[in-house]
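So you can see what is in the structure, the chains are spelled out below.
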Amino acid sequence: MEQRKIRKKKIRLTGAILMGIGCIVGSGIFGTLPTVATEYGAGVVWALLGAAFVVVLRSLALMYTSAALPISGAQFMWATKLWHPYAGMFISASALLMPTMVSLFGVLFSMYFVPLFPGLVIDDTIAAVGLLFIFTVVAWFGNKNTVSISNVMVALLLIAILLYIVLGLPNLDAENITFGEIIRPGVGLSSLAAAIGVLTSSLSGASSVSQLADDMENPGKTVPIALALCPVLVAVIYILMAVVTIGIIPSAEVESLSQVASHFMSPTLLTFFIVGGPICGIITSLVPVALACVAMVERSADTKIFPEILGKQNRYGVAYGSLFLVMGIAIGICATGATFGVVMTVFSFCNTISELPNTLSPILAHRKYPNCCDNSSVKMNYKVARPLSVLTAVICIYLSVQMARTLDVKTVALILAVYVIGYIYFFARVTYLKRKGIDLIGELKTPYQSWEEKEASYNIGVKNDGV
């Protein structure tokens, strides 16, 4: 644990907000939106509204616990320390599935990059793998530096999106979309739920901010503010871009946003849109998601669930073993030539079920650390936080079921196999460490010292006031 003393540059509030916005917009708009629009037409607007509602609920739970108990790898630590080590193992296994999202960005990048440079003799797979390899090299030099580079791209991304909306709205075709079709799109509830589930994962990208709390300045305030602002701001952007997308050409013909933009942008503006929009957006999404995956694997290694080598840090404070593992899995998936639609659905399903333990984290956090919760920067009464947590959990379970129904049996079996193998490994690891005199379950159950000290400090303050 001596490695934790390495001094890191901290990410400020503006950087955290830009990181969250960049993460959400890149994955949701330029990848998922065209896919959902093609299948559901005008129903995409209702799907976006539903996704925004779910994400806001999820964010409230994250805000409540993040403000009270901020920590990097929060998803793992909350599950382990507030629930049980078995729940922590569930998150650790999920962390090995999360690189599917990282690979998704590689696949999506190639879809936009290769057509932009027809003279280059490279195929989609090489372009996807190349992006992930370059990111691995950049990430070696620390989270702060990586995020700073990403935030420059967020500025270009927002300009490109503004052009798409401002230039696209005046060119809507009433034959493609009407207000009545938006109000009553004719999409069934179960189909709409599946669409909401996919878009929810895209809108929830800001949750990556909570996984990097140790890299934030004043994380008890920075993380909750970013969690609150990012999804609300991006939800408005999503809906405006969805209207443009299905209003310019028939929804069934939508292949990509660059295809839609070609109908109302000049060649020069279109080139800028592709570079500043999809390409920058994909990279700004890749950065926080990949770093969050690395943080979860690193935290699992710090607590001895994974081998110690995965937690060792370089001079820039980066757990290079975790970085290589996450990016190695992502590059391996890209190398198979997997399609965007399949990878997106698999990730969305895995992301939603992995969030389930933490939807109820406010209830357990208040039970174990009531003073931390009641005195945090998020002034939410526990009587409000508790029902919101339960409602969020129920909705996530329902969306998980609906998404699972869209996957083939083989894919679901493979996902479940990862969890089964993960638990077999976990119990083997417990036995192995016990032979070396280490009680892994006991250590995982041990309360996190910083949280204990924070909780105790409020008790001391009460006693002093009494004196």
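These numbers come from a predicted model, not from an experiment.

> How would you explain the overall build of the protein chain if you had to name every residue and give the values?
Counting its secondary structure elements, the protein chain contains 20 helices and 0 strands. Split into buried and exposed, the 467 residues of the protein chain put 57% on the buried side. By sequence separation, contacts in the protein chain at least 24 residues apart represent 84% of the contacts at least 6 residues apart. Accessible area for the protein chain stands at about 19,300 Å²; split by element, carbon and sulfur atoms hold 66% of it.

> Describe the packing of helix H2 (residues 43-68) against helix H15 (residues 361-368), naming the residues involved and giving the relevant values.
Two elements in contact, H2 and H15, have axes whose closest approach is 9 Å; the angle formed by their N-to-C orientations is 25°. Judged by the angle between their axes, H2 and H15 are roughly parallel. Helix-helix and strand crossings are classified by hand; for H2 and H15 the assignment is left-handed. Along the contact surface, H2 presents Ala61, Tyr64 and Thr65, while H15 presents Ser361, Pro362, Ala365 and His366. Its residues assigned to classes, the contact of H2 with H15 shows 4 nonpolar, 3 polar and no charged.

> Any chance you could break down helix H17 (residues 382-406) for me, citing the residues and the numbers?
When the terminal C-alpha atoms of H17 are compared, their 36 Å separation across 25 residues agrees well with the 36 Å that a helix rising 1.5 Å per residue should span. Those residues of H17 that fall on the buried side of the exposure criterion are Tyr382, Ala385, Ser389, Thr392, Ala393, Ile395, Cys396, Leu399, Ser400, Gln402 and Met403. Capping of H17 at its N-terminal end is provided by asparagine 381; its side-chain oxygen lies 2.7 Å from the backbone amide nitrogen of lysine 383.

> Outline the packing of aromatic side chains, supporting the account with residue identities and numerical values.
Each aromatic ring pair is described using two quantities: the centre-to-centre distance and the angle formed by the ring planes. Counted by the stated rule, this structure contains 13 aromatic pairs. Relative to phenylalanine 426, the ring of tyrosine 86 lies with its centre 6.2 Å away and its plane at 90°, an arrangement referred to as edge-to-face. In this pair, tyrosine 86 sits in helix H4 (residues 85-95) while phenylalanine 426 sits in helix H18 (residues 409-435), placing the two residues 340 residues apart along the sequence. Seen from their ring centres, tyrosine 423 and phenylalanine 427 are 6.4 Å apart, and the 35° between their planes marks the pair as tilted. Here the residue tyrosine 423 and the residue phenylalanine 427 both occupy positions in helix H18, the gap between them amounting to 4 residues, near one helical turn. A connected cluster of aromatic rings, assembled from ring pairs, spans Tyr86, Tyr423, Phe426 and Phe427.

> Describe the pattern of salt bridges, and please don't skip the residues or the numbers.
Counted by the stated rule, this structure contains 1 salt bridge. A salt bridge links glutamate 443 to lysine 304; its shortest N-O distance comes to 3.1 Å. Placement of glutamate 443 in helix H19 (residues 440-445) and of lysine 304 in the loop between helix H12 (267-302) and helix H13 (320-335) is noted, with a sequence separation of 139 residues between them. A residue is classified by how much of its surface remains accessible, and glutamate 443, at 35% relative accessible area, is partly exposed.

> Run through the packing of H4 against H18, naming residues and quoting values.
As a packed pair, H4 and H18 sit with axes 9 Å apart at the nearest point and diverge in direction by 125°. Considering the angle they form, H4 stands oblique to H18. Viewed along their axes, H4 and H18 form a crossing whose handedness is right-handed. On H18, the residues touching Pro85, Tyr86, Met89, Phe90, Ala93 and Ser94 of H4 are Val418, Tyr419, Gly422, Tyr423, Phe426 and Phe427. Among the residues forming the contact of H4 with H18, the class breakdown is 10 nonpolar, 2 polar and no charged.

> Which residues make up the side chain of threonine 222, and what are the values?
For threonine 222, the position within the fold is in helix H10 (residues 219-248). With near-sequence residues (within four places) excluded, threonine 222 lies in contact with Arg12, Leu13, Ala16, Met216 and Glu217.

> Give a detailed account of the environment of aspartate 124, specifying residues and quantitative values.
Here aspartate 124 is to be found in helix H6 (residues 124-139). Residue aspartate 124 is classed as partly exposed on the basis of its relative accessible area, which comes to 39%. Excluding its chain neighbours within four sequence positions, the residues that come into contact with aspartate 124 are Ser110 and Val114.

> Can you break down a nonpolar patch on the surface residue by residue, with the values?
Taken together, the side chains of Leu13, Ile225, Leu229 and Leu233 make up a nonpolar region of the molecular surface, amounting to roughly 300 Å² of accessible area. For the nonpolar patch, the element with the highest residue contribution is H10, accounting for 3 residues. Using a relative accessible area of 36% as the deciding quantity, one classes isoleucine 225 as partly exposed.

> Just give me the short version of the state of the cysteines, but keep the residues and values in it.
For the structure on display, the rule yields 0 disulfides. Considering cysteine sulfurs only, cysteine 373 is the nearest to cysteine 372, which forms no disulfide, with 6.7 Å between them. Cysteine 372 gets classed as buried once you look at its relative accessible area, which sits at 0%.

> Give a detailed account of the nonpolar core, specifying residues and quantitative values.
Counting 141 residues, the largest nonpolar core has Leu69, Val102, Tyr164 and Phe273 as the members making the most contacts within it. Sort the elements by how many residues they give to this core and H12 lands first, with 16 residues. Discounting chain neighbours no more than four positions away, the residues touching leucine 69 are Trp78, Leu82, Ala365, Tyr369, Cys372 and Trp451.

Conventions we followed
- Throughout this description, residue numbers start from 1 for each chain and increase along the sequence as written.
- Local features in this predicted model are restricted to residues whose pLDDT is 70 or higher, and side-chain atom pairs enter the listing and the counts only when it is 80 or higher, whereas totals over whole chains, interfaces and linings include all residues.
- In computing side-chain values, all of the structure's heavy atoms are included and hydrogens and water are not.
- Per the convention used, a helix needs a DSSP run of H or I reaching at least four residues, while a strand needs a run of E reaching at least two, with both numbered from the N terminus.
- Remark: exposure states derive from per-residue accessible area (1.4 Å probe, protein chains only) relative to the maximum for the residue type, with buried under 20%, exposed over 50%, and partly exposed in between.
- Any two residues whose heavy atoms approach within 4.5 Å are treated as being in contact.
- Using a 1.4 Å probe, accessible areas were evaluated by the Shrake-Rupley method; residue-level cover was limited to the displayed protein chains.
- Axis lines are fitted through C-alpha atoms, for helices just across the contact stretch, and the angle between N-to-C directions can take any value from 0 to 180 degrees.
- These descriptions rest on fixed angle ranges, namely under 35 degrees for roughly parallel, over 145 for roughly antiparallel, 65 to 115 for roughly perpendicular, and the rest for oblique.
- By the definition used in this description, the sense in which the near helix is turned from the far one sets the handedness, with an anticlockwise turn below a right angle giving left-handed and a clockwise turn giving right-handed.
- Throughout this entry, Asp, Glu, Lys and Arg are counted as charged residues, while Ala, Val, Leu, Ile, Met, Phe, Trp, Tyr, Cys and Pro are counted as nonpolar. The remaining residues, Gly among them, count as polar.
- For a helix, the expected span equals 1.5 Å multiplied by the number of residues minus one.
- We call two N or O atoms a polar contact when they sit within 3.5 Å, provided that within protein one can donate a hydrogen and the other can accept it, with sequence-adjacent residues counted only if both atoms are side-chain atoms.
- Stacked, edge-to-face and tilted are the three classes for Phe, Tyr and Trp ring pairs, Trp counted by its six-membered ring, which pair at centre distances within 6.5 Å; planes under 30 degrees apart are stacked, over 60 edge-to-face, the rest tilted.
- Should a side-chain nitrogen of Lys or Arg be within 4 Å of a carboxyl oxygen of Asp or Glu, the pair is scored as a salt bridge.
- For patch building, the residue pool is restricted to those with more than 30% relative accessible area and no salt bridge; the joining distance is 9 Å between like charges and 5 Å between nonpolar side chains (Val, Leu, Ile, Met, Phe, Trp, Tyr).
- Sulfur atoms of two cysteines make up a disulfide when they are within 2.5 Å.
- For this analysis, a nonpolar core means a set of buried residues of the types Ala, Val, Leu, Ile, Met, Phe, Trp, Tyr and Cys, connected via side-chain atoms within 4.5 Å.

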